[in-house]
Amino acid sequence: SDKTELQEIMKLFVGYLLAQIQILHGFQISGVSHASRRNNRAFLTQMAAQQDGQQTNEVDGVMAEATDALQGVGWAPRGDGDITSDDPFVQRINAEIIQEMGVPLDELLNPATVVNLERDLYNLRGQLAVATGLGDIDAGGLSTAECDGGGSSEEIDSIRKAIDKKEKKLLTERRSVFRGWLKNVFLGQAVLSFVLSWVMATNPGALFGGFDWYYNYQMDLPIRVLGFWWWWLFIVPSLRSRRPSGAEKKALDIAFIGTPAISLLAPAFTKDAAIIWFANFAVTAASYGYAFTVDNDDADGEDDSKTPAFIKFIYKSLDFGSGRERGARN
């Protein structure tokens, strides 16, 4: 595993440093007996073992923090696979959030994070119940207090600490609702980016001509190029950040793939930044036309058995960042 490889690298690194120290001392110290050198080697070996244990603990801590962060956003793999929105576990979470916040799970700012935290807490509470003598119980729907049989040990205290940390984070995430005004902010950002990118691609001097650096560093062409790349960098991502569904989501997924391809290939045929900007606009418009007319499904979960595997993979990958991360996917 990655952690094992990292630990082995750390062992080799520490061993290398200790070897260098031994070599340096060998050159600097003269007249040392063989017995003394053997004692030095034993001392260095003991130091290496202690250092190795310390480094391993530090590595374990860093790896745990990193894994926790990655799992929180849905990137790190989990042994029990993805949880879908049809899973009873997710349905229970959805019902609780509707009761508490008045909105469904997918209206939260980070629905995948909520599901992953709930799953982690379910597992940790089960471990706590076993460690405190309550046995192997189903922790679903139970609070931490109901899964804690009391007592104290290093293992139990570690589990309680992990539970407390995740409960605090979960409390914040469950209250973070993706409000309608935020969708309007993203829409406004897309409109502003649309206008700004057109000016950048056609007449950047109108925006930056008053600055000396614009002429001193010959920034006209780089800004024109940035203007048509703005489609992929800001316009389409801003629209996707609104978390659209159905045909519009599919259209923006296609546009998110198509616009960088146009921006990369078009300069081989034309050096006019305005034409390339219009080509990006045409691809985005065509994506909407295709999604709403040719491939218009009423629901995201419709049968896609005829969709090529690589297209499914691309669409699934694009779900991250548009509010439909793992754990919140239909």
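Not measured: the values here are computed from a predicted model. Per-chain numbering applies: the sequence of each chain, read as written, is numbered from 1 onward. Residue-level local features of this predicted model are given only where pLDDT is at least 70; pairs of side-chain atoms are given and counted only at 80 or more, and the full residue set underlies all totals for whole chains, interfaces and linings. Side-chain metrics in this entry use all non-hydrogen atoms of the structure; hydrogen atoms and water are not considered.

(A) Region of the structure containing the pattern of salt bridges. By salt bridge we mean one thing: a side-chain nitrogen of Lys or Arg within 4 Å of a carboxyl oxygen of Asp or Glu. Tallied over the full model, the rule gives 13 salt bridges. Its salt-bridge partner being Glu167, residue Arg125 comes within 2.9 Å of it at the nearest N-O pair. You can see Arg125 sitting in helix H4 (residues 111–131) and its partner Glu167 sitting in helix H5 (residues 154–174), a full 42 residues away along the chain. Between buried and exposed lies partly exposed: a residue is buried under 20% and exposed over 50% of the maximum accessible area for its type, with that area taken using a 1.4 Å probe on protein chains only. Glu167 sits in the partly exposed class, given a relative accessible area of 28%. The residue Asp148 makes a salt bridge to Arg160 at a minimum N-O spacing of 2.9 Å. Numbered from the N terminus, helices here are DSSP runs of H or I no shorter than four residues, and strands are runs of E no shorter than two.

(B) Inspection of a nonpolar patch on the surface at higher detail. A contiguous nonpolar patch, built from Leu187, Val191, Phe194, Val195, Trp198, Phe278 and Phe281 and spanning about 600 Å² of accessible area, is present on the exposed surface. Only helix H6 (180–202) and helix H11 (273–294) provide two or more residues apiece to the nonpolar patch. With five residues, the top contributor of residues to the nonpolar patch is H6. Given the relative accessible area of 32%, Phe194 is considered partly exposed. Residues enter a patch when their relative accessible area is above 30% and they make no salt bridge; the linking distance is 9 Å between like charges and 5 Å between nonpolar side chains (Val, Leu, Ile, Met, Phe, Trp, Tyr). In short, Shrake-Rupley with a 1.4 Å probe defines the accessible areas, and a residue's cover is counted only from the protein chains shown.

(C) View of the nonpolar core. Only buried residues count toward a nonpolar core, which is a set of Ala, Val, Leu, Ile, Met, Phe, Trp, Tyr and Cys residues joined through side-chain atoms within 4.5 Å. Core analysis: the biggest nonpolar cluster contains 18 residues, and Ile93, Ile97, Leu105, Leu108, Val114 and Ile163 have the highest contact counts within it. Sorting elements by how many residues they give to this core places H4 first, with six residues. Contact between two residues is taken to exist if any of their heavy atoms lie within 4.5 Å; hydrogens are not considered. Not counting residues within four places of it along the chain, the set of residues in contact with Val114 comprises Ile93, Ile97, Leu105, Leu108, Leu170, Glu173 and Arg174. Listed in part, the 13 residues of the second largest apolar core include Met200, Trp230, Ala266 and Ile276.

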